[in-house]
Each structure stands twice: as C-alpha cells, then as structure tokens.
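The primary structure of each chain is shown beneath.
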Amino acid sequence: MKRHITQNAVVSMLLVLSLLFSGCTAPSSPAPSATPQQEEAAYQKYSRTNLSVFDTVITLTGFSQSQEDFDRAADRTFALLSEYDHIFDGYNEYEGLHNLYYVNRHAAEAPVVVPEALYDLIVWCKEKWDAGLRETNIAMGAVLSIWHEYRAAGMANPDAAKLPSEAELRAAGEHIDFNSIQLDPETRSIFFSDPAMTLDIGAVAKGYAADKAAEYLYQAMPSFLLSLGGNVYAGNAPKDGRENWAVGVQNPDIAQNSTIDILDVHDKTVVTSGDYWRYYTVDGQRYHHIIDPETLMPSRKMVSVTILCEESCLADFLSTTLFVLTYEEGRALADSMPGVEVMWILPDGTIEATEGMKQYARSMKNPS
Ligand code: AMP
Ligand code: MG
C-alpha cells in the first residue's frame, strides 16, 4: 500500500536544503594546530539524503573531519532509522518481525511480544493518555485507516474523491479506546481486548526515531542536523563559526516554496504538524490527515503548529495535540510545560507564539 513520497515532502526537503546551504562557509582543509578557529577549520560539511525510509525525505547534514568519518556515521544513522521504520511500519510485514502491521493483525488473537522500541513508544503514549492528554490517540487506527483509504482513493482519482459517511466513521469511533490496549511489561507483549481496534503511531513514530538517531549522532559527529520531513533535530552548533543552525518554518502556502520564519537553534528539535502535508480535496475543500478524536473529522482549528523543545518524540506528540486544540487550550498547555515553545499559524493567517519561541524566531526577536 502507501509508500510514496508526496510532492509536498520534496518541496519541504528543497526548502531545508536551501536553508542548510545558505550562508555557509566554504569547506576548508584540516589545520595542524588547535585554536578554536583552526579546530573549526578542520571540519568540513557533508550531507546525505535518503528517500526510502519513513515515507519521507530524510537529510543528514554534519561536520566531520573526512568523508569517511561522515559516511560511517551516516551509514549507521540511516541503518538505525531503517530499523525503526520497519518496526513502526503499519503497512508491510517483514519476516520474523512483530512490527506494527503484525500487531494490528494479530494482537486481538493472543498477546504479541514486540520489539522494545514499539513497546516503549506505546507505554510512552499511554502515560500521556493517563495524564489526560487525549487529542493524540494512537488507538484511533480504526478511524484513521478509513480516512487513509478515502484520501488515497481521492488522490489517485480526484474527480471521484468522496468523504467517508458519518455512519462509517461513528461505527469505527466505537473502537478507539486506549484502555483496550493491554500491556504486559514482564513479557513485553500487547493484547487488544477489542478485536476491531488498531494502532496508528504516525503522530509520534518519526519523533521517537529522531531521538534515537540524535542520541547516536551526538557521540558520532561533532555537529549534525537531521531532518525527517516535518521533524528536525539540530545538534551542537555548526562547526563553521555560526552559533546556530537555521531551521525554516514552512510557509503553509506550499506553492510559495518559502519559509514563514527561521528558527536559530542548536541542541533542539523542531517539529511541525500542518494541514498541507497530506490531504485530498472534495468539492473544493481540503481534507487533511490530522483527525479530531471528538468529531472524527480533520481538525480545522490550525493550519500549522510548530513545537521546539529537546525531545523529538514529545515535540511530535505535542504538534499533533496542539493542532487539534484551540489556540487558548494549546497555549495553556504549552505554558505549563517548561522547555516547550510553540508557534501556531491559524486559519486566518494569524501567527501566535509562546514568549520563549520569540527568542528563536528571526522575525520575532527583539532588535538588540
Ligand atoms: P503529525 O503529522 O505528527 O501531526 O501526525 C499525523 C499522523 O498521525 C497522521 O498521518 C495519522 O497517521 C496520525 N493521526 C492523525 N490524527 C491523529 C490523532 N488525533 N491522534 C493520533 N494520531 C493521529
Ligand atoms: Mg506529531
């Protein structure tokens, strides 16, 4: 099924790449002594893009002392991401792997022992659910798969695009209770007490994988920037004299192929949920991929939400959550979470931001 990279993803990649390469110093040769400047001059910038993992365009940029060093770290990074992609894949099976696809097919028959990453991620989401954060509900697979089917059909054949019926959505909506997921930490197994439920971890999987890749990259590369579609992880400051990496916030008008703002960051992750990533059109109206668990329809309160913090899984979870909440609700939540900064773009074009976000966003910084 799926497994195709959207045109929007390619546009976004070009945007990230153009930002990465703007304002950079030319590569220079290693120097023998070790003043900070000379140390920096010992590093060159390298980049690699991969189109075959996580259904998106992934770009790793890093500073290394040689192409070989960079290649070694990049090989390992993409291998790691590919492992997580297989574990979190809900559409394909891989021999001997109890991945998401396998769980969705078999976890109502008997408990399924799963890889640690999948178990961890589900437990992490359950903690959020138990804490009352219920807008991002990974147990909503029954509803999300209906939207996925209609979207795929509508994209393939726009003239015949149609919406799922309310009855169909409501029937699926009976099977999205997180409490139907039974977790056994002893055996690391998952059981569905409701045979009609399935998991969809699309709202958090890339964030989880980005954190794991970043954990590896911190010890493998002096500085890196990893971009997985709407998820970016910026490591230590770039080794070219700049204090920060420049991470663009996409202009929701994708045809413009531009940024609405630029965040100057290091040691941070930036994750955006937007209504322009995946959508189809029915009767001139756009139906995108982020579904409000209350209405079971695409949420219309936001055009995009960008989260900046230090944990990509959290940023990914919150970008989806705040996309579904009103600005006021999301703002109250963000203000209660130290280290979490947010930029909202509302349907009327208004841009809102937390106070902390204004220290990173170029267009909002106080002139000094
Ligand atoms: P993101 O782009 O991180 O906001 O994630 C969107 C993806 O998460 C969608 O493609 C769906 O697979 C899934 N999703 C959509 N709405 C929800 C929701 N309310 N709760 C959990 N997952 C969702
Ligand atoms: Mg998300």
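Throughout, residues of each chain are indexed from 1 in the direction in which the sequence is written. Numbering of ligands from 1 and lettering of chains from A proceed in the order in which they are written. Residue-level local features of this predicted model are given only where pLDDT is at least 70; pairs of side-chain atoms are given and counted only at 80 or more, and the full residue set underlies all totals for whole chains, interfaces and linings. Note that water and hydrogens are dropped before the side-chain values are worked out from all heavy atoms of the structure.

J.: Please clarify how the sheet that holds strand 4 (residues 181–184) should be interpreted in this entry.
T.: Strand pairing within a sheet occurs via backbone hydrogen bonds; the two strands may be parallel or antiparallel. Strands were regarded as paired on the criterion that DSSP finds at least two bridges between them. Secondary structure counts use DSSP, requiring at least four H or I residues in a row for a helix and at least two E residues in a row for a strand, with both numbered from the N terminus. Pairing is antiparallel across the open sheet formed by three strands, whose spatial order is 3-5-4. Each having just a single partner strand, strand 3 (112–113) and strand 4 make up the two edges of the open sheet. Direction of pairing for strand 3 relative to strand 5 (residues 189–192): antiparallel, over a ladder of two bridges. Bridging from a neighbouring strand, Val-112 pairs with Ile-190 of strand 5. Only heavy atoms enter the contact rule, under which two residues are in contact if any of them lie within 4.5 Å. Note on definitions: angles span 0 to 180 degrees between N-to-C directions of axes, and those axes are lines fitted to C-alpha atoms, for helices only across the stretch in contact. Packed on one face of the sheet, helix 5 (residues 116–130) meets strand 4 and strand 5 and runs near 120° to strand 4.

J.: Sorry if this is basic, but what is going on with the side chain of Asp-275 here?
T.: Within the secondary structure layout, Asp-275 lies in the loop between strand 10 (268–274) and strand 11 (279–282). Among the polar contacts made by the side chain of Asp-275, one reaches the side chain of Arg-286 at a distance of 3.3 Å. Polar contacts, as counted here, are pairs of nitrogen or oxygen atoms within 3.5 Å of one another; within protein the pair requires one atom able to donate a hydrogen and one able to accept it, and residues that are adjacent in sequence qualify only if both atoms are side-chain atoms.

J.: Sorry if this is basic, but what is going on with the confidence of the model for the protein chain here?
T.: Predicted coordinates in regions of low pLDDT should not be interpreted in detail. As a per-residue measure, pLDDT tells how confident the predictor is, with possible values from 0 to 100. Chain-level pLDDT for the protein chain is 91 on average; 89% of the residues reach the 70-or-more range. Across residues 1–18, where pLDDT falls below 50, the model places 41 contacts with residues more than four positions away in sequence or in other chains. Predicted confidence is poor over residues 20–32, with pLDDT under 50, and the contacts of this stretch with residues over four places away or in other chains come to 23 contacts.

J.: What is the right way to read helix 9 (residues 312–324) from this model?
T.: Given 3.6 residues per helical turn, the α-helix brings residues three or four places apart onto the same face. Working rule for helices: expected span equals 1.5 Å times residues minus one. Across its 13 residues, helix 9 extends 19 Å between first and last C-alpha, which sits within 8% of the 18 Å expected from 1.5 Å per residue. With a 1.4 Å probe rolled over the protein chains alone, any residue whose accessible area is under 20% of its type maximum counts as buried; one over 50% counts as exposed, and the rest are partly exposed. Within helix 9, 13 of the 13 residues are buried, which leaves it mostly tucked inside the rest of the structure.

J.: Looking at this structure, I do not really get the site of ligand 1. What am I missing?
T.: Around ligand 1 lies a shell of 15 residues, among which Glu-135, Asn-137, Ser-273, Ile-291 and Thr-320 are the nearest. One of the side-chain N or O atoms of Ser-273 is found 2.6 Å from an oxygen atom in ligand 1. A distance of 2.7 Å is found between a nitrogen atom of ligand 1 and a backbone nitrogen or oxygen belonging to Ile-291. Computed by Shrake-Rupley with a 1.4 Å probe, the accessible areas treat only the displayed protein chains as cover when residues are assessed. Protein contact buries 90% of the 500 Å² of open area that ligand 1 shows by itself. Three classes are used: nonpolar for Ala, Val, Leu, Ile, Met, Phe, Trp, Tyr, Cys and Pro, charged for Asp, Glu, Lys and Arg, and polar for all others, with Gly counted as polar. The residue makeup of the shell around ligand 1, split by class, is six nonpolar, six polar and three charged. Domain assignment of the residues forming the shell around ligand 1 places at least three in each of domain 1 (7–86 + 204–359) and domain 2 (100–192). Note on terminology: near, applied to a residue and a molecule or strand, indicates that one of the residue's heavy atoms is within 4 Å of it. Note that the domain bounds reflect an automated or database-derived domain assignment.

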